[in-house]
Every structure is written in C-alpha cells, then in structure tokens.
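Report on the structure
Take a look at the letters that make up each chain.
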Amino acid sequence: MAEYYEGMGRRSGPPKRTVAGILFGGAMALFSALAAAVTVLTFAAPYVNPASCWIFSILGLAAPVIYLLTVLLALYWIVRWRWGWASVMLVLVVVGLFKVSLFYKPEFRRVYDDTPVNGRGTIRFMTYNVRNFYSDDGRSSVAEILRMVEETDPDIVCMQEFNPALAEETAEYRTFLENYPYSVGGAAEDPRTAPLAIFSKFRTIRWGMAHPELQNENARESIWADLRIGDDTVRVFNNHLHSTAINASDNEFITKHRYISDTAREDKIRSIVRRFRDNSILRARQVDSIAREIGATPHARIVCGDFNDTPMSYVYRRMAAGLQDAFRESGMGYSFTFRGFFNTLRIDYVLVSEAFEPLAYEVPEVDYSDHRPVVVQLRHVPSH
C-alpha cells in the first residue's frame, strides 16, 4: 500500500517528445516563418511596380491561397497551444481582413431587402470581354451574346475584344444598334484587330483615347466617352490592358497538372514565367499613363474593363485610386470573371466615382467567351 500511495504522490512530467515530433515541430515552425514572410510580401504587392520587381505580380495572383494558408497555420498553432507562433499568424490574419473584401463578401444581406434596385436615377451598366465573338468551339457567339445583352437590358455596354467584322454580318447586331443609338470605338484600320467599343442609350458628346501615344493605334487599350446623363456629363473609360499572354494551352498545362508528366515542362514553365513577367511590366506602364488621365478628369467617372490583373496588384491599386469598386460595395460571395485558372480570377472591373452609388453587382454565368460579363446597377447622384 505504501508503494501505491507513493506512486500516487509522484507528479508526472511533460510527455517525452519523440525525434519525429521534434523534427515535425521544427519543420512547421520553419514553414510558418516562410509563410509569414510571403504573406507580408503579398500585402506589399499592390505598392510595388512590376518594373522594379515583377515577382510581386505572382504573389498578388496567389493572394487568396496565401491568405487561406495563413489562416490555417494560425489555427494549427492555436490548437497546439503555441501562442508565440499563433500570435504572429493571427496578426497577419487580422491585417489581411482589410483585403478580404476585394475577393469575398459574406452574404449578410438577404434578397428580401425591400430597397428598390430599379427606379429613377438608376443606371444599369455592363462590361464584357467578348473574345472576338468566338465561343469555346470556335463558332461565332455574336447572336448569343447580343441576346444576353438584350435580356439584361443595360443602359451602357462596354466591350473589349470587339470584332466589328463578325458582328456586322448578323441581323442581331443591327437590332442591337437600334437599341443603342450612341456608340464609339468598335472600328479599326486593320480588320483582324479587336478594338474596344462603348454602346450607350445616353447621348455621346465626345470621345477619344487615353494617352494614344502609348497605345497600339489598332488595338486601343483605353478609350473614353463623355455621356450626357440628366444634366451631368459622365466620362466612361473602357480599358483592355495588356494580356498576360497565358493562352488556353498554358491554362490546361497548369490546371490539369500536365507539368507532372510533360517532358518539356522546364521549357514551358520558363516560357510562361517570361511572358508573365514581360506583360506585367507592360501593364504597369499602361496603367501609370491611363490612371493619370482618369484622375485628371473633371467629370463623374465610370472606369471599367479587362485589367488582366487581380485586386492585389499594382495595376488595380493605380486604376482604383479614388474610386469605388462595385463588387466591394455591393457584391456577394466570391466573384470570378475569368473562365480559367481554376475559376479563381476577378480581372474585369467596374469602378465608379462618388457621383454613383453601387446598388447591385452580378456576374452572369454564361460561357460565350473566356470571360464572364459584369453587370452593375448604379444610382446616379446629380451634381446639382
């Protein structure tokens, strides 16, 4: 009995850690340190011009995955009661919360909201990269796209990669022009190019190109139109910034994990990275010029188009300076506008000045292009 009570009285020490446990803990600590460093660099991505360091463009592309990984690591260290590492990761999670609304908006509001979306002073606006009016199988998608536009009935439609030659062959396009009597752009000296176009039910006063000296005369990366809405002049900027040059073959190589078995994977990866780097630098040069012109505009502004970059990018930050992002103000859930790269990329935007209040945001689930259209309901606040 004495031995029993003596055993009961002993205080058990901490469990001995195995060699495997020590190695795993060290590996997790090292991985967490690396993840923390990458997360900090990702937060800096919008502020670094790709011409100075293009790697930040890749970090911005992967921002949602990096943030999710940070959240998981924070939970791991909390469960393990390692508050040193948990505190570091939690600080990064909290800082990242200010960026989450660029990618995801919780659906706190419900559709039973009685606030009318349509009504006096509201404008329905659409932007759509129509990919030359070619569907996935190479057929013309003019009829399908224009029928979708007719059903959606926006007041202003901005198109990128607009193919005037293909559109003019269809009866649907002639009907479309009757509904949108004011149009600018949509023509090019070289019929093989796909320029930008702005179609409006509001009277167009004038139009032009944003800093044409930096643009390809045929492609026209940015055009603007002054529209008369009520007693106000509203300048609409339609943009198509330089592509990433990641084509369908590249997308399949990445998303279907072809790089695992492809014997030429090193050459393909180098080619993808090189094109991504070069075009990130080109987009930064474009946006520096276009953003200056947008900022100098004396009128109310709507800025839209295919920016070919994510919300955690230098391009987005420069373009959105002083403007409201319609998704951030009125979107719900997770929004993506590009049908590729795992359906994760929001690269098409509608940004507005304070003269507009975003009321509703929608990305119709159609597959007529490699992009999806963005439809936004805006309330126009007259200047007087």
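Refer to the preceding data block for the structure.
Going along each chain's sequence as written, the residues are numbered from 1 onward. Reporting in this predicted model follows two pLDDT cut-offs: at least 70 for local features of residues, and 80 or more for side-chain atom pairs to be given and counted; totals over whole chains, interfaces and linings ignore these cut-offs and use all residues. Note: side-chain values were computed over all heavy atoms of the structure, leaving out hydrogens and water.

**Some details on the nonpolar core**
Which entries qualify depends on this criterion: The nonpolar core is taken to be a set of buried Ala, Val, Leu, Ile, Met, Phe, Trp, Tyr and Cys residues, with the residues joined through side-chain atoms within 4.5 Å. Accessibility here uses a 1.4 Å probe with only protein chains present; expressed as a share of the type maximum, an area under 20% marks a residue as buried, one over 50% as exposed, and anything in between as partly exposed. Under the scheme used here, helices are H or I runs from DSSP no shorter than 4 residues and strands are E runs no shorter than 2 residues, and both carry numbers assigned from the N terminus. Any two residues whose heavy atoms approach within 4.5 Å at even a single point are treated as in contact.
Membership of the largest hydrophobic core comes to 36 residues, with the highest contact counts inside it found for Trp 77, Leu 241, Ile 294, Val 303, Phe 307, Met 319 and Leu 351. Of all the secondary structure elements, the ones that give two or more residues to this core are helix H2 (19-44), helix H4 (63-79), helix H5 (83-100), helix H10 (265-295), helix H11 (314-320) and strand S12 (348-352). Ranked by residues supplied to this core, first place goes to H4 with six residues. Those residues in contact with Met 319 that lie beyond four places of it in its chain are Asn 239, Leu 241, Val 287, Ile 290, Ile 294, Val 303, Phe 307 and Leu 351. Judged by nonpolar contacts, the second largest core, of 29 residues, contains Ile 198, Val 234, Val 350 and Leu 378.

**Description of H5**
We count it as follows: In a helix, the anticipated span is given by 1.5 Å times the number of residues less one.
Taking 1.5 Å per residue as the helical rise, H5 with its 18 residues ought to reach 26 Å, and the 24 Å between its terminal C-alpha atoms agrees with that figure. Residues of H5 that are buried: Ala 86, Met 89, Leu 92, Val 93 and Gly 96. Turning to H5, the residues buried within the fold contact H2 and H4.

**Topic: unusual backbone geometry**
Within the chain, Asn 132 stands out as a residue other than glycine whose phi angle is a positive 65°. With respect to the helices and strands, Asn 132 occurs in the loop between strand S2 (122-129) and helix H6 (142-152). According to the relative accessible area criterion, Asn 132 is partly exposed, its value standing at 24%. Positive phi values are uncommon outside glycine, yet Asp 153 reaches one of about 55°. With respect to the helices and strands, the residue Asp 153 is situated in the loop between H6 and strand S3 (156-160). What makes Asp 153 partly exposed here is its relative accessible area of 41%.

**Section: the environment of Gly 96**
Considering the arrangement of structural elements, one finds Gly 96 in helix H5. On the accessibility criterion, Gly 96 (2% relative accessible area) is buried. Here the alpha-carbon distance between Gly 96 and Thr 42, two residues 54 residues apart in the chain, equals 9.8 Å.

**Considering the pattern of salt bridges**
This is how it is decided: Salt bridges are identified by distance alone: a Lys or Arg side-chain nitrogen within 4 Å of an Asp or Glu carboxyl oxygen.
Following the criterion strictly, the structure yields 12 salt bridges and no others. Residues Asp 136 and Arg 131 are paired through a salt bridge, measuring 2.8 Å at the closest nitrogen-oxygen approach. For the salt bridge of Asp 153 with Lys 201, the shortest nitrogen-to-oxygen distance reads 2.6 Å. Of this pair, Asp 153 sits in the loop between H6 and S3 while Lys 201 sits in the loop between strand S5 (197-200) and strand S6 (203-209), placing them 48 residues apart in sequence.

**Focus: the packing of H2 against H5**
Going by this rule: A fitted line through C-alpha atoms serves as each axis, taken over the contacting stretch for helices, and the angle formed by two N-to-C directions is quoted from 0 to 180°. Angular relationships are summarised with four words: roughly parallel below 35 degrees, roughly antiparallel beyond 145, roughly perpendicular across 65 to 115, and oblique for the angles in between. What makes a crossing left-handed is the near helix being turned counterclockwise from the far one by less than a right angle; a clockwise turn instead makes it right-handed.
At their nearest, the axes of H2 and H5 sit 11 Å apart, and the two run at 20° to each other. Regarding the angle of H2 to H5, the classification is roughly parallel. Between H2 and H5 lies a crossing of left-handed hand. Between H2 and H5, the contacting residues are Ala 29, Ser 32, Ala 33, Ala 36, Thr 39, Val 40 and Phe 43 on the first element and Trp 85, Val 88, Met 89, Leu 92, Val 95 and Gly 96 on the second.

**Section: the sheet that holds strand S7 (residues 222-229)**
The following threshold applies: At least two DSSP bridges between two strands are required for those strands to pair.
With respect to topology, six strands assemble into an open sheet ordered S6-S7-S8-S9-S12-S10, the strand pairing being mixed. The open sheet is flanked by S6 and strand S10 (324-325), the only strands paired with a single partner. In terms of strand pairing, strand S9 (residues 300-306) meets S12 through five bridges, oriented antiparallel. In the strand pairing of S12, Cys 304 is matched with Val 350.

**A word on the side chain of Asp 155**
Let me state the cut-off plainly: In summary, the charge assignment counts Lys and Arg as positive and Asp and Glu as negative, without counting His or the chain termini.
Within the secondary structure, Asp 155 sits in the loop between H6 and S3. For Asp 155, which is buried and forms no salt bridge, the nearest opposite charge comes from Lys 201, at a distance of 4.6 Å. Excluding residues that lie within four positions of it along the chain, Asp 155 makes contacts with Thr 122, Ile 123, Arg 124, Tyr 180, Phe 199, Ser 200, Lys 201 and Phe 202.

**A short note on the packing of aromatic side chains**
By convention here, two paired aromatic rings are described through the distance between centres and the angle between planes. Here is the rule: Only rings of Phe, Tyr and Trp enter the pairing, Trp through its six-membered ring, and a pair is recorded when the two centres are within 6.5 Å. The plane angle decides the type: under 30 degrees is stacked, over 60 is edge-to-face, the rest tilted.
Enumeration over the complete set of coordinates arrives at 13 aromatic pairs. Pairing Tyr 76 with Trp 77 gives two aromatic rings, centres 4.9 Å apart and planes at 75°, and the pair type is edge-to-face. In terms of burial, Tyr 76 and Trp 77 fall into one category: buried. Here the aromatic rings of Trp 77 and Trp 85 are separated by 6.0 Å at their centres, their planes lie at 20°, and the arrangement is stacked. Classification of Trp 77 by relative accessible area gives buried; the value is 2%. A connected cluster of aromatic rings, assembled from ring pairs, spans Phe 133, Phe 162, Tyr 173, Phe 176, Tyr 180 and Phe 199.

**Notes on the packing of H6 against helix H8 (residues 171-179)**
So the rule is basically this: Three categories are distinguished: nonpolar for Ala, Val, Leu, Ile, Met, Phe, Trp, Tyr, Cys and Pro, charged for Asp, Glu, Lys and Arg, and polar for the others, with Gly belonging to the last.
Two elements in contact, H6 and H8, have axes separated by 9 Å at closest approach and are oriented at 25°. In terms of orientation, H6 lies roughly parallel with respect to H8. The interaxial crossing formed by H6 with H8 has left-handed handedness. Here Ala 143, Leu 146, Arg 147 and Val 149 of H6 lie close against H8, whose contacting residues are Glu 172, Tyr 173 and Phe 176. Residue composition of the contact of H6 with H8, by class: five nonpolar, no polar and two charged.

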